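Commentary on secondary and tertiary structure
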Amino acid sequence: AVVVLAGEAVIDARPDGVTQACQQTVIAELLRTMLDDQQVQPTVRAAAGRVIAKLGDSRQATTALDQMELCYIPAGPFEMGSQDDPQAYENEKPQHTCEIPYAYWISRYPVTNAQFAAFVKADGYANPAYWVEAKQQGVWEAGYVLRRIATDYKAGKFTFSEQREPDNRPRNFGDPYSLPNHPVIGITWYEALAFTRWLTAELKHATFLPEGWAVQLPNEAEWEKAARGGHKIPKQAIYRSLGSVWPTAVKCPLLKNRQLTRRYPWGDQPDANRMNYAETKIETTSALGCFPGGASPYGVEEMSGNVWEWTRSLWGEDGRKPAFGYPYQVNDGREQLASGTDVHRVVRGGAFHLDHSFVRAAVRFSFFPGAWNYDVGFRLVLSPSALASEP
C-alpha cells in the first residue's frame, strides 16, 4: 500500500513538485503492484490501478485502440451451458456440445473508457451508417443516441421511464468508473454495436481486415467458449494487437481440455484473487489487468466479474423467455440485429457487486438494448461470421 500512497503524493505534487523521472518510477512500481496477484491483495491492486489512471497508464493495450490486445480462439466444439452445477439456472440447461466452425479473435479485456473515447472523438455518434438499427427503432437521431431515462435506483438496478434523453457520449458515473483504464459503462447495446461498425470501417480503411471479416459484439457461443475453453485448447495463449492481427488461421499446438465444464475461466471454485466480484470487496469497476490469474485457457481476462458484457444474441422473442431455448446453435436466427427495443439482448460475465453464483461462465442474463447501467460494458470479437453487418 506504500506505493499507492506514493502515487497519490505525486498526484498532489504535480506539476512542479515532482520530476518526470520520479513520476515514471512511481508509475512503473504501481504497475508492478497492480499485476502482482501472488503477493498483493486485490483491493490494493485495484487502488494501484486507479492511481495509475490519474498519473498516466503506460499500457497502450488498455488505452490506445490500435494496441488493444486480442486472443486467438481456434475453431471447434465446446461444452455450453450447465448440467451438474447446483447453482445453475434453468436457462443454462441442458448442457450441450456447441460447434463453432470458424476461428476468431476476442479482445483480452473489455473496451476501456480511453478506447471508446476514440469513437466519440471521431464523431462516431454523428454517422448514420453506424446506427442503422437504432435509427429504425427511433433511438438515434441527428447525432444523438436516445437513452431511456432512469427514474429510480434500488439494489444495484435502475428502473426506466418510457421517456428518452439524447446523448453523444457514455453516461458519466464519475471517479473511479470514468477512469481511462476502466471498462466503459453507461452505454446501450446500440452504442456498443455502433462502436464495432466504426472500428470495422477504420480497420478496412487501413487494410487490416480481409473481405468477410468484421469487428462485432460476440454472440453467446463465442463469449462462453472464450471463457471456459473448447474440447481442445492452445498449449499457450496467443495474443496480437488489433493493429497487427491478420485474421487467418494460426498454427498452434492444441491440447485436450481436461476441464470442459469449468464453472469459471480457471476452474470450478470462485476466487476473490482472480476476479472483481462482491466478495473481493472492491465495490466498483477496476482497472483492466488487475486479475491476471483469472485468465481463461485462451488468455482472455475479466470474463468473470467487473462488468456485464453485451453480446449480439437475443434473449427472447418477447423480451422475457430465453431465446429459442437450448441447445444453442450458431447462426440459428437469434443473433440478428434488427429486433425491437422491447426484446432483451443477452449479457454475460456478471459484475463487481454480484456474488459468485452470478459470475460463472455459463450464467445468462439480459437487458433492454436501449437501456444502460453502471455495471454493463462490452468486449469485441474479430470474426468471419456470416452475420457481420458492415457500414
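Above this text sits the structure in question.
This write-up is about the structure you can find in this document. Because the structure is a prediction, the values reported are computed rather than measured.

**Digging into the overall build of the protein chain**
Scanning the protein chain from N- to C-terminus turns up eight helices and 16 strands. Relative to a compact globule of 391 residues, whose C-alpha radius of gyration would be 21 Å, the protein chain shows 20 Å and is just as compact. Seen through its C-alpha atoms, the protein chain measures out along the principal axes to roughly 60 × 50 × 45 Å. Looking at the protein chain as a whole, 57% of its 391 residues qualify as buried. In the protein chain, the proportion of contacts linking residues at least 24 apart, taken out of those at least 6 apart, comes to 73%. In the form shown here, the protein chain has an accessible surface area of approximately 15600 Å², with 51% of it arising from carbon and sulfur atoms. Placing the 40 positive and 44 negative side-chain charges of the protein chain at their respective mean positions leaves the two points 4 Å apart.

**A word on the sheet that holds strand β10 (residues 239-241)**
Taken together, five strands build an open sheet; the order of strands is β8-β16-β4-β1-β10 and the sheet is antiparallel. On the outer flanks of this sheet lie β8 (214-216) and β10, each paired with one strand and no other. Averaged over all neighbouring strand pairs, the angle between strand axes comes to 30°, with direction disregarded. Where strand β1 (residues 69-73) meets strand β4 (residues 104-107), four bridges bridge the pair, whose relative direction is antiparallel. The partner of I73 across the bridge, within β4, is Y104. Across the sheet, helix α7 (residues 189-205) touches β8 and β16 (381-383), and the angle it forms with β8 is around 160°. In the packing of helix α8 (residues 220-228) onto the sheet, the strands contacted are β1, β4 and β16, and the crossing angle to β4 comes to about 75°.

**Comments concerning the packing of aromatic side chains**
For any pair of aromatic rings, the description consists of the separation of the ring centres together with the inter-plane angle of the planes. Tallying each qualifying case throughout the model produces 25 aromatic pairs. Here the aromatic rings of F116 and F195 are separated by 5.3 Å at their centres, their planes lie at 15°, and the arrangement is stacked. One end of the pair, F116, is in helix α5 (residues 113-121); the other, F195, is in helix α7, and 79 residues separate them in sequence. Assessed through its relative accessible area of 0%, F195 is described here as buried. Both rings, one in W189 and one in Y190, keep their centres 5.3 Å apart while their planes meet at 75°; by these two values the pair is edge-to-face. Each member of the pair, W189 together with Y190, is buried. Each member of the aromatic cluster is reached from another via a ring pair, and the members are F116, F119, Y125, W131, W140, F195, W198 and F378. Between the NZ or CZ atom of R45 and the centre of the ring of F291, over which it lies, the distance is 5.1 Å. The residue whose ring lies beneath R345 is W189, and the NZ or CZ to ring-centre distance is 4.1 Å.

**Overview of the side chain of N257**
With respect to the helices and strands, N257 occurs in the loop between β11 (254-256) and β12 (308-314). N257 gets classed as buried once you look at its relative accessible area, which sits at 3%. Within the local environment of N257, its side chain forms a polar contact with the backbone oxygen of R228, the two atoms lying 3.5 Å apart. The residues touching N257, leaving out its near neighbours within four places in the chain, are R228, G229, G230, H231, K232, I233 and R262.

**Focus: the pattern of salt bridges**
Taken as a whole, this structure holds 22 salt bridges when the rule is applied. Two residues, R197 and E133, come together in a salt bridge whose shortest N-O distance is 3.0 Å. In this pair, R197 is assigned in helix α7 and E133 in helix α6 (residues 132-136), connecting sequence segments 64 residues apart. Across the pair R171 and E165 runs a salt bridge whose closest N-O atoms are separated by 2.6 Å. By relative accessible area, which is 28% here, R171 ends up partly exposed. Residue E165 is classed as partly exposed on the basis of its relative accessible area, which comes to 24%.

**Observations concerning the sheet that holds strand β13 (residues 345-348)**
In space, the four strands of this open sheet follow the order β14-β13-β12-β15, with mixed pairing throughout. Two strands in the sheet have a free side with no partner beyond their single neighbour: β14 (365-367) and β15 (376-377). The pairing of β13 with β14 spans three bridges and is antiparallel. Paired with V347 across the two strands is F365, which belongs to β14.

Cut-offs and rules
Residues numbered from 1 in each chain as written. Predicted model: local features only at pLDDT ≥ 70, side-chain atom pairs only at ≥ 80, totals over all residues. Heavy atoms only, no water. Helix = DSSP H or I, 4+ residues; strand = E, 2+ residues; numbered from the N terminus. Rg over C-alpha atoms; globule rule 2.2 N^0.38 Å. Buried < 20%, exposed > 50% of the residue type's maximum accessible area, 1.4 Å probe, protein only. Contact = heavy atoms within 4.5 Å. Areas by Shrake-Rupley, 256 points an atom, 1.4 Å probe, with all protein chains shown as cover. Lys, Arg positive; Asp, Glu negative; His and termini not counted. Charge placed at Lys NZ, Arg CZ, Asp CG, Glu CD. Pairing = 2+ DSSP bridges. Axes fitted to C-alpha atoms, helices over the stretch in contact; angles between N-to-C directions. Phe/Tyr/Trp six-rings, centres within 6.5 Å; stacked < 30°, edge-to-face > 60°. Lys NZ or Arg CZ within 6 Å of the ring centre and 35° of its normal. Polar contact = N/O pair within 3.5 Å; in protein donor to acceptor, adjacent residues only side chain to side chain. Salt bridge = Lys/Arg side-chain N within 4 Å of Asp/Glu carboxyl O.

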